[in-house]
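Residue-level listing of the chains:
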Amino acid sequence: MPDPMRSYLDFEKPVAELDSKIDELRALAASGSNIGEEIARIEEKAQQALTDLYVALTPWQKTQVARHPQRPHCIDYVESLIADFTPLAGDRKFGDDEALIGGFGRFRGESICVLGQEKGASTETRLKHNFGMARPEGYRKAVRLMEMADRFGIPVLSLVDTAGAYPGIGAEERGQAEAIARSTDACLSLTVPNVAVIIGEGGSGGAIAIATANKVLMLEHAIYSVISPEAASSILWRDSAKAQEAATSMKITAQDLSRFGVIDGIVTEPRGGAHRDPEAMIAKTGDAIAKAFGDMRDLDGAAIRAQRRQKFLDIGRKLG
């Protein structure tokens, strides 16, 4: 049987079948059968099948990969890349929101402020983090931390992975739209460099609230959009079953957004997606983050703010 800890997506069925065959042959080999060459042959076939699948992913398949439950999450990146991380809680107005984590630490020896949405990896943690969908207090916490970072000259890193801001009644009553707008404004107002990385889903204003950065990077199979394909198909065709068609039309992939100039770079993923080799993915993302910050090392506060402002003005002028 395939690895019981690995979750296969629908379009990965051919790979799942080959992995199952490999596991059966390994069980026979353990009992004394001399079938090493056969195992190696099927392993090579499985790897080639995986490569062929991921070279030609459709936008909808990329959406599934971006949402994969075993994809490394914000906390995984923080634990691997950020030393001495100290999380801070609360917005000083209502409470704390664990969907959006934030704090200070050291990235490759230098101080950094980290913000990110955490989806959770188990039923318990998903409920704890509200599936990565922040409420107003989450975005107000982000504003508080960005203002603190700006005051002390500390760069800001955002790790984006959310289906969108939480749409509940309580969140709306506490000013969800206003909180998102103020967080976006706080990003634009920073005089320190800020880098955002879309590590999974970059959904709607919930993502933009912390991703309005000097440099916006995306993982190869991440998605970034103002609305989910399912919601778009429900609005346009009153049929959520047309989500695949919507995903293609919306241009939500890293490749599309790079072509349009919405993002600044793509971080390639391991063969089969980030969930197949999280350590390699996190290390490569760390290198991309370091380069993005390094490119802004010689800019002063005014230049950093002007560069960010011009970046988003150019997007509007080119695509408007």
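Coordinates for the structure precede this section.
Anyway, here's the lowdown on the structure attached to this text. Because the structure is a prediction, the values reported are computed rather than measured.

### Observations concerning the nonpolar core
- Ranked by size, the top nonpolar core spans 61 residues in total, and within it Leu159, Val197 and Tyr224 carry the most contacts.
- No other element matches helix H6 (residues 136-151), which puts 6 residues into this core.
- Setting aside residues up to four positions removed in sequence, Tyr224 forms contacts with Ile198, Gly202, Ala207, Ile208, Ala211, Val216, Met218, Ile252, Leu257, Val262 and Ile263.
- Core analysis: the second largest hydrophobic core is formed by 9 residues, Phe11, Val15, Leu57 and Val65 among them.

### Examining helix H3 (residues 59-66)
- H3 sits mainly inside the fold: 8 of its 8 residues count as buried.
- Of all the residues in H3, the buried ones are Pro59, Trp60, Gln61, Lys62, Thr63, Gln64, Val65 and Ala66.

### Looking at unusual backbone geometry
- One non-glycine residue, Arg108, adopts positive backbone phi at about 55°.
- With respect to the helices and strands, Arg108 occurs in the loop between strand E2 (100-107) and strand E3 (110-117).
- Residue Ser204 is not a glycine yet carries a positive backbone phi of 60°.
- In this fold, Ser204 is placed in helix H9 (residues 204-211).
- Judged by relative accessible area, which is 27%, Ser204 ranks as partly exposed.

### Comments concerning the pattern of salt bridges
- This model, assessed by the stated rule, comprises 16 salt bridges.
- The salt bridge involving Arg67 is made with Glu230; its shortest N-O contact spans 2.7 Å. A residue pair is termed long-range when its members are at least 10 positions apart, and Arg67 in the loop between H3 and helix H4 (74-81) and Glu230 in helix H10 (residues 229-237) qualify at 163 residues.
- Taking the relative accessible area as the measure of exposure, Glu230 reaches 24% and is therefore partly exposed.
- Residue Arg297 pairs with Glu110 through a salt bridge whose shortest N-O separation is 3.4 Å. Of this pair, Arg297 sits in the loop between helix H13 (278-294) and helix H14 (301-319) while Glu110 sits in strand E3, and the two are 187 residues apart along the sequence.
- Among the residues examined, Arg297 registers a relative accessible area of 54% and is labelled exposed.

Cut-offs used in this document
- Residues numbered from 1 in each chain as written.
- Predicted model: local features only at pLDDT ≥ 70, side-chain atom pairs only at ≥ 80, totals over all residues.
- Heavy atoms only, no water.
- Core = buried A, V, L, I, M, F, W, Y, C linked by side-chain atoms within 4.5 Å.
- Buried < 20%, exposed > 50% of the residue type's maximum accessible area, 1.4 Å probe, protein only.
- Helix = DSSP H or I, 4+ residues; strand = E, 2+ residues; numbered from the N terminus.
- Contact = heavy atoms within 4.5 Å.
- Salt bridge = Lys/Arg side-chain N within 4 Å of Asp/Glu carboxyl O.

Nothing here speaks to function; it is geometry throughout.
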